[in-house]
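# Summary of the model geometry
Next come the chains, spelled out residue by residue.
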Amino acid sequence: MRWIVFFGLFFCSTLALAQTVNSNIILTVTGKSANSEVQLTAHMIAKLPQQIMTMRTAWYPTEQTFEGPLLRDVLKLVGIQSGDIKLRSLNDYTISIPVSDALQYDVIIARKRNGQLMTIRDKGPLFVIYPFHQHENLRRTEYYRRCSWQLRSIAAE
């Protein structure tokens, strides 16, 4: 009987641990093949090479500093090199953008703003940001719409 209780408790604690680990996933990236999916925690995203850019945006009244990995580096994790990707936010806002944007421009997945981790209330935990300060041609509605905040998933189309 003790063994049954022991294994029951072991199973429940393992299940609870798995749910805790899964609840820490903040970004899912899915490639074109059935086996190409990666689930990233905030810690994993922080371990990727980080880029920093400071600029004015349409969402904040003053210049802001954003920090995070390049979108193209995240796409490489699942082998996405061409076509379009669908960005989905926590509020289910979705938009398709060409992968060529990530290859041509230093688009980042910002996780920090002004040195602080971004919260859901502050468009976080992840916010796709284009380098508007470096390319005047990006300062158009078409590209502002592609800046998905509260990003939760990226999928190859």
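Residues numbered from 1 in each chain as written. Predicted model: local features only at pLDDT ≥ 70, side-chain atom pairs only at ≥ 80, totals over all residues. Heavy atoms only, no water.

## With respect to the packing of aromatic side chains
Where two aromatic rings form a pair, the distance of their centres and the angle of their planes describe that pair. Going through the model one piece at a time under the given rule, you end up with 10 aromatic pairs. On the basis of an interplanar angle of 35° and a centroid distance of 6.2 Å, the ring pair of Tyr130 and Phe132 is categorised as tilted. We note that Tyr130, like Phe132, is buried. Here the aromatic cluster, defined as three or more aromatic residues joined through ring pairs, consists of Trp59, Tyr60, Phe66, Phe127, Tyr130, Phe132, Tyr143, Tyr144 and Trp149. The aromatic ring of Tyr60 is capped on one face by Lys123, whose charged end is 5.7 Å from the ring centroid. Stacked on the ring of Trp149, the Lys or Arg Lys123 has its end atom at 4.9 Å from the ring centre. (Phe/Tyr/Trp six-rings, centres within 6.5 Å; stacked < 30°, edge-to-face > 60°. Buried < 20%, exposed > 50% of the residue type's maximum accessible area, 1.4 Å probe, protein only. Lys NZ or Arg CZ within 6 Å of the ring centre and 35° of its normal.)

## Examining the nonpolar core
In this structure, Leu27, Val29, Leu71, Ile85, Tyr130 and Ile154 are the most contacted members of the largest nonpolar core, which totals 40 residues. Residues in contact with Ile154, not counting those within four places in the same chain, are Leu27, Thr28, Val29, Thr30, Leu71, Val74, Leu75, Ile85, Lys86, Leu87 and Ile109. (Core = buried A, V, L, I, M, F, W, Y, C linked by side-chain atoms within 4.5 Å. Contact = heavy atoms within 4.5 Å.)

## Things to note about the pairing of strand S6 (residues 94–98)
Covered by surrounding structure in S6 are Ile95 and Ile97 only, the residues Thr94, Ser96 and Pro98 on the alternate face being uncovered. One ladder, built from 5 bridges, connects strand S5 (residues 84–89) with S6; its direction is antiparallel. Pairing of Arg88 across the sheet is with Thr94, part of S6. Where S5 folds back on S6, the antiparallel hairpin that results is connected by 4 residues, among which Asp92 adopts a positive phi of roughly 70°. (Helix = DSSP H or I, 4+ residues; strand = E, 2+ residues; numbered from the N terminus. Pairing = 2+ DSSP bridges.)

## Topic: unusual backbone geometry
Omega for the peptide link from Gly124 to Pro125 comes to 5°, which places this bond in the cis form. Tracing the backbone through its elements, the reader meets Pro125 in the loop between strand S9 (116–117) and strand S10 (127–129). Positive phi, normally seen in glycine, also occurs at Lys123, with a value near 70°. Mapped onto the fold, Lys123 is located in the loop between S9 and S10. We note that Gln150 has phi near 55°; this positive angle belongs to a residue other than glycine. Within the secondary structure, Gln150 sits in the loop between helix H5 (141–144) and strand S11 (151–156). For Gln150, a relative accessible area of 13% gives the class buried.

## Considering the sheet that holds S11
With mixed pairing, the 5 strands of this open sheet are ordered in space as S2-S1-S11-S5-S6. What marks the edges here is a single partner per strand, and that holds for strand S2 (37–41) and S6. Recorded for the sheet is a direction-independent mean angle of 20° between the axes of neighbouring strands. (Axes fitted to C-alpha atoms, helices over the stretch in contact; angles between N-to-C directions.)

These results come straight from atomic positions and should not be treated as a statement about function.
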